[in-house]
Amino acid sequence: MTRATIIDGRTYAAEIRLQLANYVSELCDSHHIIPGLAIVLVGHDPASQVYVRNKHRQAQDIGMHSLVSLLSENVEEKELIDIIEGFNCNTAINGIVVQLPLPAHMDTQQILNTIDPSKDVDGLHPCNAGHLCAGSDRGITPCTPLGCLRLLRRQHPSMNGMRALVIGRSNIVGKPMAHLLVQENCTVTIAHSKTRDLLQECRRADIVIAAAGQAEMVRGDWVRPGATVIDVGINRVACQEGSGMSVLAGDVCFAEVVEVAGAVTPVPGGVGPMTVAMLLRNTLLAFLQQVGVEKGFCA
Ligand code: GUN
């Protein structure tokens, strides 16, 4: 058995960022306009801080304006809503991200509903979720599933009739991912914590999207030989008891799965960089729609 192809999300994401940077630079030269991204972070969750820093830096690196609004853990929902409404009205801001999770005292859906759907570059507003569900390309597609799809398309230019298993049913990854795969003509199953015989479901699948948030859950003997496995998980796992050290682990046991699968994404360096690249792509698209400039790019 040959080892799986390792799908290099880091390199692919860098190629996309380069295309976006060139496009932003052309816009700046020809129209003297620059897309703007606003990112809101509530509280001090260390993982969220890292994600927000990456989004902010990478937006700036491709020539966009980016600002981060840092709010205290105890901020009132009303204050957050006022800030989002301010961004909705601000023509220099074309994309808005509210980093999740929000503190428990906030109603996350209510907050997401406040974002102007045309600036909802995470694609989490019900309007955008509805477009995706209806198979329309008029909405904004959530970044992580879109990044996974881009990686899959590199392996499978056509996914017609393939069996796809999505493990996880979150609004941010599992559900939108399933809709995207249906659009690709896959036969899609969504598995979750109540699924009976997950192992058998997994063994039948040509494509597995692991987005359950459980470290190394998908083992080598779960995977059909030659299947493509996309690992969305980012789990911090303690190295040794008492050492205080931790490492990143995906939802897939990479060492085992790489011996069985046809292709697999690593963690880190797989889906993560693609998520940020798709956020930047969504921000540029949102900007072009808001200012009425022809699309003319394909990132
Ligand atoms: N938290 C984890 N992933 C994401 C994401 O893609 N967008 C937002 N807003 N928050 C997240």
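What counts, and where the lines are drawn
- Residues numbered from 1 in each chain as written.
- Predicted model: local features only at pLDDT ≥ 70, side-chain atom pairs only at ≥ 80, totals over all residues.
- Heavy atoms only, no water.
- Patch = residues over 30% accessible without salt bridge, like charges linked within 9 Å, V, L, I, M, F, W, Y side chains within 5 Å.
- Areas by Shrake-Rupley, 256 points an atom, 1.4 Å probe, with all protein chains shown as cover.
- Salt bridge = Lys/Arg side-chain N within 4 Å of Asp/Glu carboxyl O.
- Helix = DSSP H or I, 4+ residues; strand = E, 2+ residues; numbered from the N terminus.
- Phe/Tyr/Trp six-rings, centres within 6.5 Å; stacked < 30°, edge-to-face > 60°.
- Lys NZ or Arg CZ within 6 Å of the ring centre and 35° of its normal.
- Buried < 20%, exposed > 50% of the residue type's maximum accessible area, 1.4 Å probe, protein only.
- Contact = heavy atoms within 4.5 Å.
- Pairing = 2+ DSSP bridges.
- Near = heavy atom within 4 Å.
- Polar contact = N/O pair within 3.5 Å; in protein donor to acceptor, adjacent residues only side chain to side chain.
- Axes fitted to C-alpha atoms, helices over the stretch in contact; angles between N-to-C directions.
- Parallel < 35°, antiparallel > 145°, perpendicular 65-115°, else oblique.
- Left-handed = near helix turned anticlockwise from the far one by under 90°.
- Nonpolar A, V, L, I, M, F, W, Y, C, P; charged D, E, K, R; others polar.

Undergrad: Even after reading the chapter, I still don't get a nonpolar patch on the surface, so can you show me in this structure?
TA: Taken together, the side chains of Val50, Tyr51, Ile234 and Leu248 present a nonpolar region at the surface, about 300 Å² in accessible area. Structurally, Leu248 can be placed in strand S10 (residues 246–249).

Undergrad: Sorry, what's going on with the packing of aromatic side chains here?
TA: Aromatic ring pairs are reported here in terms of the distance separating the ring centres and the angle at which the planes meet. Scanning the model with the defined rule gives zero aromatic pairs in all. Lying over the aromatic face of Tyr12, Arg154 brings its terminal NZ or CZ to 3.7 Å of the ring centre.

Undergrad: Would you take a moment to explain the environment of Cys127 for this structure?
TA: Following the sequence through the fold, Cys127 ends up in helix H5 (residues 126–133). What makes Cys127 partly exposed here is its relative accessible area of 40%. With 82 residues separating them in the primary sequence, Cys127 and Asp45 have C-alpha atoms 28 Å apart.

Undergrad: Explain helix H7 (residues 174–183) to me, please; I cannot follow it from the model alone.
TA: Given 3.6 residues per helical turn, the α-helix brings residues three or four places apart onto the same face. All of the buried residues along H7 are Gly174, Pro176, Met177, Ala178, Leu180 and Leu181. Contacts made by the buried residues of H7 are with H5, helix H6 (143–155), strand S5 (163–167), strand S6 (187–191) and strand S7 (207–210). Asn185 sits one or two positions beyond H7 and adopts a positive phi of about 70°.

Undergrad: Explanation requested: unusual backbone geometry in the structure shown.
TA: Of note, the amide linkage connecting Leu100 to Pro101 takes the cis form, showing an omega dihedral of 5°. Tracing the backbone shows Pro101 in the loop between strand S4 (95–98) and helix H4 (108–114). Between Val267 and the following residue, Pro268, the backbone shows a cis peptide bond with an omega angle of 0°. Mapping Pro268 onto the fold places it in the loop between strand S11 (263–264) and helix H10 (271–291). A positive phi angle is found at Asn185, which is not glycine, with a value near 70°.

Undergrad: What should I look at first to understand the sheet that holds S5 in this one?
TA: Each strand in a sheet pairs with another by means of backbone hydrogen bonds, the pair being arranged parallel or else antiparallel. If you walk across this open sheet you meet the six strands as S1-S11-S8-S7-S5-S6, and the pairing is parallel. Lying at the two open borders of the sheet, with one neighbouring strand each, are strand S1 (5–6) and S6. Bridge analysis of S5 against S7 gives four bridges, and the strand direction is parallel. Counted as the bridge partner of Leu165 is Val208 from S7.

Undergrad: Would you mind going over the pairing of strand S8 (residues 228–231) with me for this structure?
TA: Regular strands have side chains that alternate between both faces of the sheet. On S8, burial covers both faces: Thr228 and Ile230 on one face and Val229 and Asp231 on the other are all buried. Examined bridge by bridge, S7 and S8 share four bridges and lie parallel to one another. What sits directly across from Ile209, in S8, is Ile230.

Undergrad: I would appreciate a short explanation of the site of the ligand in the present structure.
TA: Residues in close proximity to the ligand include Lys55, Val97, Val98, Gln99, Leu100, Asp122 and Ile172, which together make up its full environment. Within the contact set of the ligand, a nitrogen atom lies 2.8 Å away from a backbone nitrogen or oxygen of Val98. Here the ligand loses 81% of its free accessible area of 280 Å² to cover by the protein chains.

Undergrad: What exactly am I supposed to notice about the packing of helix H2 (residues 46–61) against H10 here?
TA: If you want to describe how two helices pack, look at the angle between their axes and the distance between the axes. Relative to each other, H2 and H10 sit at 55°, their axes nearing to 10 Å. Put simply, H2 runs oblique to H10. Two packed elements cross with a definite hand, and for H2 against H10 that hand is right-handed. Facing Asn54, Lys55, Gln58 and Ala59 of H2, the residues of H10 in contact are Val276, Leu279 and Leu280. For the contact of H2 with H10, the class distribution of residues is four nonpolar, two polar and one charged.

Undergrad: Explanation requested: the pattern of salt bridges in the structure shown.
TA: Two side chains that carry opposite charge are able to pair once their charged atoms sit near each other. Taken as a whole and assessed by the stated rule, the structure comprises seven salt bridges. Where Glu15 meets Arg154, a salt bridge forms, and the shortest distance between an N and an O atom there is 3.2 Å. Pair noted here: Glu15 is in helix H1 (residues 9–31) and Arg154 is in helix H6, with a separation of 139 residues, a long-range link. For Glu15, a relative accessible area of 37% corresponds to the partly exposed category. A residue is classified by how much of its surface remains accessible, and Arg154, at 48% relative accessible area, is partly exposed. Salt-bridge contacts for Glu184 lead to Arg153; the nearest nitrogen and oxygen are separated by 2.8 Å. Taken as a pair, Glu184 in the loop between H7 and S6 and Arg153 in helix H6 lie far apart in primary sequence, 31 residues in all. Residue Arg153 is classed as partly exposed on the basis of its relative accessible area of 36%.

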